[in-house]
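Given next are the chains, with one letter for each unit.
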Amino acid sequence: MSSVDIVDLHLSFGATKVLENLHLNVAEGEFLVLLGPSGCGKSTLLNCIAGLLDINDGQIFIGEHNVTWAEPKDRGIGMVFQSYALYPQMNVEKNLSFGLRVAGFSKAIIRQKVAEVAHILQIEDLLKRKPAALSGGQRQRVAIGRALVRDVGVFLFDEPLSNLDAKLRTDLRIELKRLHRKLGNTMIYVTHDQMEALTLADRIAVMKNGVIQQLDTPNGIYHRPKNRFVADFVGSPSMNLIQGTLFKQDEEWLFRMHSEATQDEQWVGISLTHYPFTAAPAVGQKVELGIRPEHVILTEKASNSVSSYLFLVDLVEPMGPDVVCWGSVAGEPFKVRVSADFVFKPDTTLMASFDLTRASIFDIETGGRI
Amino acid sequence: MRGVTPTTAIGPRGSKPKRILSTRNIVVYGVLTVAAVYWVIPLYVMIVTSLKGLPEIRMGNIFAPPLQITFEPWVKAWDSACTGLSCEGLKVGFWNSVKILIPSTFISIAIASVNGYALSFWKFKGSEVFFTLLLLGAFIPYQVIIYPLVILLRELGLFASLGGIVLIHTVFGMPILTLLFRNYFASVPMELFKAARVDGAGFWRIFLQILLPMSLPIFVVALILQITGIWNDFFFGVIYAGTLNFPMTVQLNNIVNTTQGVKEYNVNMAATLLTGLLPLVVYFISGKLFVRGIAAGAVKG
Ligand SMILES: Nc1ncnc2c1ncn2[C@@H]1O[C@H](COP(=O)(O)OP(=O)(O)OP(=O)(O)O)[C@@H](O)[C@H]1O
Ligand SMILES: [Mg+2]
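Everything numeric here is computed off the predicted structure, so don't read it as measured data.

**Some remarks on the site of ligand 1**
Residues and elements named next belong to chain A.
Point 1. For ligand 1, the full set of nearby residues is Phe13, Val18, Ser38, Gly39, Cys40, Gly41, Lys42, Ser43, Thr44, Glu159 and His192.
Point 2. Within the backbone of glycine 39, an N or O atom sits 2.8 Å from an oxygen atom of ligand 1.
Point 3. At 3.0 Å, a side-chain N or O of glutamate 159 approaches an oxygen atom of ligand 1.
Point 4. In the complex, 56% of the free accessible area of ligand 1, which totals 640 Å², lies under the protein chains.
Point 5. The element contributing the most residues to the shell around ligand 1 is helix H1 (residues 42-50), with three residues.
Point 6. Considering only residue class, the shell around ligand 1 consists of three nonpolar, six polar and two charged.

Structure below.
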């Protein structure tokens, strides 16, 4: 078990800067997930930690050691790849023991360690098979096993489950979580699947263009996104974002939608009394109000509430336990998630009111949360 | 319900019948037959001629099968046909060719495979430039560098020696073989290489223990290319090998083009067939592997 510290990391491929000035601390025994869209530099960062890429500037510490210049094998890491990367001509046992054989362990120790790991991952029956004769899930287990035998402090996973089908992915996800609880190793896990990130992580680092946007617990990421990118990227279906303006009336902050300007003069906008501001708002500030689909309450009739809008239902998508209905609010696309018992008639108009304690407001220009 | 109503029972069912005498089949098989006949007839003529005695050949019917089969010409071609002044047959050339072939093939493939491996996995500064230069080497016409190479070998003290001709074959095989190996290794997933690095394997261990075992098809391709190329070579042999090391092809030429006495067509045919035997055998044995290796980019694992 070791912590991982990345200090001021810079990496570029020729002229393209991929990582710039990146800082990241991963505590001992923590499960950290790197989440971000394709091409944002997640694998690159992982490869830097593993020592498979030569960095341009900065330092990497694993445990107490500065491993910036160390060879991959000397860093105390094990790595699991998206394509499994099993040695095709070796059977499972040889695959597992390759690293140990390179390191020159005695036959007896190797046999014992392989047996131990095979037991943990329940692949004892497969030891004599070649990778080609394994299913995707079994291959992935062997790949994890290959990292496990080496008795390292830190595990690096590069999208290890993304080649598997949905059901298997869920199963292995839970297995991984159990494994982490059992071993207590530090794990850094790359994915672009937000469900994986939210379910597995102690903390998630959301990345975009090589910059960590937010480093927080899954709860924090989901409920208090630091900026518009994180809000939009995490959550499925994604957060509703409505453009509007802030203003003040009788010491009360109000939000008015842009497309409301032409509506009747009586309408003042929705009250932000219950919204927990994290930065000082300004009168006339252009903002986006973000509300997750499940934090919208639908009612049949106008409830006279100050924070409700007319919601025009247009399509209903049953998801099993709940239902997502797609429609529009004042001409803007809008989606709401409600329990499956809710019965809809198509093309009806409902009242949508927001739970503002769970909303997010972002400045339009900077995209930052206020 | 289905099968009860007559309309569904009558309609087409099962695999669609294929017409055997379609225009397409006629054209395809026609062309293939003509091509096959075109290549096989000369071979047939050579074989029957090599099995006839000289009097029978003088009767002039080259397509007729031998009236009396004799292996005399084959024995003579191998053992006692005259090349210039010495009359020891092709066997000297055969062993010379073997002596040239084995080290040239082995050395060139060994170097080229390591080259290709380094160029696709251990990219160094300028490795792309290096590769481009090497490829350029494949396009330089031989004629331009024949004489400079003669001088170079002379300076190295290798001209007209076994070492010299082996060096020449190794160097000339390098561009195409390196390209072959590099492209093959480029299709091996980078993650496999990274996994091996994390497991602590170095340059040679990754090559020998991980890549070699999974690269058999491409080695077979390289082997076939080199064996047939070097065995069939006449040009380099006659220039660089020196009289003592003349390969089989050169001696064949000397036998066939001997100006003294009568033309022994049967011996010439037998000698030619003997010389071409090795490449022929190699193709027959490894044809399947060869095709598999050429297509190997697509199949992995
Ligand atoms: N060898 C390379 N040479 C040049 N550019 C590269 C190289 N490897 C990666 N890049 C670039 O670096 C950026 C980050 O790549 P990286 O592989 O880290 O993305 P990622 O976040 O892992 O994406 P994905 O989710 O698709 O795996 C990309 O824009 C990519 O084009
Ligand atoms: Mg990646």
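**Quick word on the packing of aromatic side chains**
Point 1. Counted under the stated rule, the structure contains 32 aromatic pairs over all chains.
Point 2. Note on phenylalanine 155 of chain A and phenylalanine 157 of chain A: the rings are 6.3 Å apart at their centroids and 65° apart in plane angle, and the pair reads as edge-to-face. Comparing phenylalanine 155 of chain A with phenylalanine 157 of chain A, the two get one shared label, buried.
Point 3. Ring geometry for phenylalanine 94 of chain B and tryptophan 95 of chain B: centres 5.0 Å apart, planes at 80°, overall edge-to-face.
Point 4. Site record: aromatic cluster; members linked through ring pairs are Tyr117, Phe121, Trp122, Phe181, Tyr184, Phe185, Phe193, Phe203, Trp204, Phe207 and Phe219 of chain B.

**As for the sheet that holds strand E14 (residues 286-291) of chain A**
Residue and element names in this part refer to chain A.
Point 1. Pairing within the open sheet is antiparallel, and its five strands lie in the order E13-E12-E11-E14-E20. Bordering the open sheet on either side are strand E13 (270-271) and strand E20 (360-363), each of which pairs with just one other strand.
Point 2. Strand direction decides the pairing type here: strand E11 (residues 240-249) and E14, joined by six bridges, are antiparallel. What sits directly across from threonine 245, in E14, is lysine 286.

**What about the interface of chain A and chain B?**
Point 1. Listed as interface residues are 24 residues of chain A and, on the opposing side, 16 residues of chain B.
Point 2. Taken over both partners, the interface formed by chain A and chain B buries close to 1800 Å², and the fraction arising from carbon and sulfur atoms is 63%.
Point 3. Remark: the boundary between chain A and chain B carries two salt bridges.
Point 4. The residue arginine 150 of chain A makes a salt bridge to aspartate 199 of chain B at a minimum N-O spacing of 3.8 Å.
Point 5. Where chain A meets chain B, there are six residue pairs in polar contact (both at pLDDT 80 or more).

**Side note on the domain arrangement of chain B**
All names here are of chain B.
Point 1. The assigned domain composition of chain B is domain 1 (23-70) and domain 2 (93-245 + 268-298).
Point 2. Taking only C-alpha atoms, the centre of domain 1 and the centre of domain 2 are 35 Å apart.
Point 3. With five residues of domain 1 at the interface, the matching set in domain 2 holds four residues.
Point 4. For the pair domain 1 and domain 2, the two sides together bury roughly 400 Å², of which 94% comes from carbon and sulfur.
Point 5. Broken down residue by residue, the surface that domain 1 buries against domain 2 is led by Leu43, Met46 and Ser50, which jointly contribute 80%.
Point 6. Seen at the junction of domain 1 and domain 2, the total is zero salt bridges.
Point 7. Linking domain 1 to domain 2 there are zero residue pairs in polar contact (both at pLDDT 80 or more).
Point 8. For the side of domain 1 that touches domain 2, a count of residues per class yields three nonpolar, two polar and no charged.

**Considerations on the state of the cysteines**
Point 1. As enumerated under the stated definition, the model contains one disulfide over all chains in all.
Point 2. One disulfide bridge connects cysteine 82 of chain B with cysteine 87 of chain B, the sulfur atoms lying 1.8 Å from each other. The sign of the S-S torsion, about 100°, decides the handedness of the disulfide formed by cysteine 82 of chain B and cysteine 87 of chain B: right-handed.
Point 3. Using a relative accessible area of 31% as the deciding quantity, one classes cysteine 82 of chain B as partly exposed.
Point 4. There is no disulfide at cysteine 40 of chain A, and the cysteine sulfur nearest it, in cysteine 48 of chain A, is 13 Å away.

Criteria and thresholds
- Residues numbered from 1 in each chain as written.
- Chains lettered and ligands numbered in written order.
- Predicted model: local features only at pLDDT ≥ 70, side-chain atom pairs only at ≥ 80, totals over all residues.
- Heavy atoms only, no water.
- Near = heavy atom within 4 Å.
- Polar contact = N/O pair within 3.5 Å; in protein donor to acceptor, adjacent residues only side chain to side chain.
- Areas by Shrake-Rupley, 256 points an atom, 1.4 Å probe, with all protein chains shown as cover.
- Helix = DSSP H or I, 4+ residues; strand = E, 2+ residues; numbered from the N terminus.
- Nonpolar A, V, L, I, M, F, W, Y, C, P; charged D, E, K, R; others polar.
- Phe/Tyr/Trp six-rings, centres within 6.5 Å; stacked < 30°, edge-to-face > 60°.
- Buried < 20%, exposed > 50% of the residue type's maximum accessible area, 1.4 Å probe, protein only.
- Pairing = 2+ DSSP bridges.
- Contact = heavy atoms within 4.5 Å.
- Buried area = accessible area lost by both parts, 1.4 Å probe.
- Salt bridge = Lys/Arg side-chain N within 4 Å of Asp/Glu carboxyl O.
- Domains from an automatic or database assignment.
- Disulfide = S-S within 2.5 Å.

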